[in-house]
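What follows is the residue order along each chain.
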Amino acid sequence: MDRALFELSPPTRWLGARLDVFEEVDSTNLVAERLAHQGAPDGTLVIAGRSLYLSLLLRPAMPPEQVHRHVFAAAVAVASTARAALPASAEVEIKWPNDVLLDGRKTSGINLPVHLDAGRVVFAVLGVGVNVNLLPEDLPDELREIATSLAIAAGKPLDRVKLCEELLVQLEREIDCLRAGEFGAVLDRYRKSFRMPGARVRIGGPGVAREVIGTVLGVDEEGALLVRPRGSAAEPVERVLAGDVTLLRGEA
């Protein structure tokens with residue numbers, strides 16, 4: 001691994017006030033969860049990997065139904081950071097709710113396990129993975145058509161420390177907006193990178209009671225995906241809160 005990450009000094013106020021950097025670890029999320037149980041503070045950051053894998057420990061003072069907003073904040077931060085690091089010709093977009101794509105291929109994924117006690121949020125771990133300097137040959141054969149990296153899009157390796165520092169600044173800014181009650185502003189920035197309206201999708205996967213197939217209309221004020229089901233325009237719009245989204249190409 002490029003050991004420069006061990007020299008990381010985030011130019012942030014509270015995000016990364018405690019910083020744990022690993023050359024290799026099974027899961028940064030699991031490390032962050034263990035630290036949370038040990039009493040680590042809000043803003044603790046765990047980073048590892050050849051690309052960029054980070055987990056941010058959060059102790060948000062908000063109801064459980066609002067914690068998912070951090071996924072949108074992270075997607076905005078990743079998209080903004082990627083756009084600033086790449087040529088203007090690179091197409092950066094967000095695929096609802098938690099993937100960032102470059103030229104139609106996935107370069108970043110985001111997850112957010114939340115730990116509750118008696119209906120109260122004890123802590124959440126915001127996990128963000130970004131493919132930074134992976135080469136085409138580093139990707140498994142089955143992923144080369146659907147995944148990419150910033151370096152592939154840029155045509156050259158990138159400075160991971162600089163990229164990470166910029167990402168952390170952007171992420172802190174977006175989370176600060178959430179904590180100030182300005183989720184609407186975060187969503188406005190999210191929509192600027194959201195290219196799915198008009199796309200046909202299938203939504204299913206574990207935990208989804210009924211598969212939905214239809215056309216994306218947009219996202220509402222809480223970030224739910226709005227889908228017009230296949231069939232008559234008179235059918236009610238589906239408000240999708242979770243699920244695996246597959247883009248349908250060439251299907252009627």
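Keep in mind that this is a model prediction, so the values were computed, not measured.

Cut-offs applied
- Residues numbered from 1 in each chain as written.
- Predicted model: local features only at pLDDT ≥ 70, side-chain atom pairs only at ≥ 80, totals over all residues.
- Heavy atoms only, no water.
- Phe/Tyr/Trp six-rings, centres within 6.5 Å; stacked < 30°, edge-to-face > 60°.
- Helix = DSSP H or I, 4+ residues; strand = E, 2+ residues; numbered from the N terminus.
- Buried < 20%, exposed > 50% of the residue type's maximum accessible area, 1.4 Å probe, protein only.
- Lys NZ or Arg CZ within 6 Å of the ring centre and 35° of its normal.
- Salt bridge = Lys/Arg side-chain N within 4 Å of Asp/Glu carboxyl O.
- Disulfide = S-S within 2.5 Å.
- Contact = heavy atoms within 4.5 Å.
- Polar contact = N/O pair within 3.5 Å; in protein donor to acceptor, adjacent residues only side chain to side chain.
- Pairing = 2+ DSSP bridges.
- Axes fitted to C-alpha atoms, helices over the stretch in contact; angles between N-to-C directions.
- Parallel < 35°, antiparallel > 145°, perpendicular 65-115°, else oblique.
- Left-handed = near helix turned anticlockwise from the far one by under 90°.

Student: Requested: an account of the packing of aromatic side chains, with residues and values cited.
Tutor: Considering all chains together, one arrives at three aromatic pairs under this definition. Considering the side-chain rings of Phe72 and Phe183, the 6.0 Å spacing of their centres and the 75° angle between planes classify their relative orientation as edge-to-face. Note that Phe72 is positioned in helix α2 (residues 69-85) and Phe183 in helix α5 (residues 183-192), a separation of 111 residues in sequence. Comparing Phe72 with Phe183, the two get one shared label, buried. Grouping aromatic residues by their ring pairs yields a cluster made of Phe72, Phe183, Tyr190 and Phe194. Note that Arg179 overlies the ring of Trp14, its terminal NZ or CZ placed 4.4 Å from the centroid.

Student: Please give an account of the pattern of salt bridges that cites residues and values.
Tutor: In this structure the tally under the stated criterion is 13 salt bridges. With a closest N to O distance of 3.0 Å, Arg195 and Glu91 form a salt bridge. Taken as a pair, Arg195 in the loop between α5 and β9 (200-204) and Glu91 in the loop between α2 and β4 (92-95) lie far apart in primary sequence, 104 residues in all. Looking at Arg195, the relative accessible area reads 39%, which means it is partly exposed.

Student: Any details on the state of the cysteines? Residues and values, ideally.
Tutor: Under the criterion given, the structure shown has zero disulfides. Left without a disulfide partner, Cys164 is nearest to the cysteine sulfur of Cys177, which lies 20 Å away. Taking the relative accessible area as the measure of exposure, Cys177 reaches 13% and is therefore buried.

Student: An account of the environment of Pro113 is needed here, citing residue identities and associated values.
Tutor: By the secondary structure assignment, Pro113 is in the loop between β6 (105-111) and β7 (114-117). Classification of Pro113 as partly exposed rests on a relative accessible area of 27%. Along the primary structure Pro113 and Gly127 are separated by 14 residues, whereas in three dimensions their C-alpha atoms are 8.3 Å apart. When residues no more than four places from it in sequence are discounted, the contact partners of Pro113 are Asn29, Glu33, Ala124 and Val125.

Student: Residue-level account of helix α1 (residues 28-37), with values.
Tutor: Among the 10 residues that make up α1, seven are buried, leaving the element largely enclosed by the rest of the structure. For α1, the complete set of buried residues consists of Thr28, Asn29, Val31, Ala32, Glu33, Leu35 and Ala36. N-cap assignment for α1: the residue whose side-chain oxygen lies 3.3 Å from the backbone N of Asn29 is Ser27. Gly39 lies just past α1 and shows a positive phi near 95°.

Student: So, the sheet that holds strand β11 (residues 225-229): which residues are in play, and what are the values?
Tutor: Strands sit in the order β12-β11-β10-β9-β13 across an open sheet of five strands; the sheet is antiparallel. Either end of the sheet is taken by a strand with one partner, and the two such strands are β12 (238-240) and β13 (244-247). For this sheet, the mean angle separating the axes of adjacent strands, direction not counted, is 45°.

Student: An account of the packing of α2 against α5 is needed here, citing residue identities and associated values.
Tutor: Between α2 and α5, the shortest axis-to-axis distance is 9 Å and the interhelical angle comes to 45°. In terms of axis orientation, α2 runs oblique to α5. As for the relative orientation of α2 and α5, their crossing is left-handed in sense. From α2, Arg69, Phe72, Ala73, Ala75 and Val76 reach across to α5, where they touch Phe183, Val186, Leu187, Arg189 and Tyr190.

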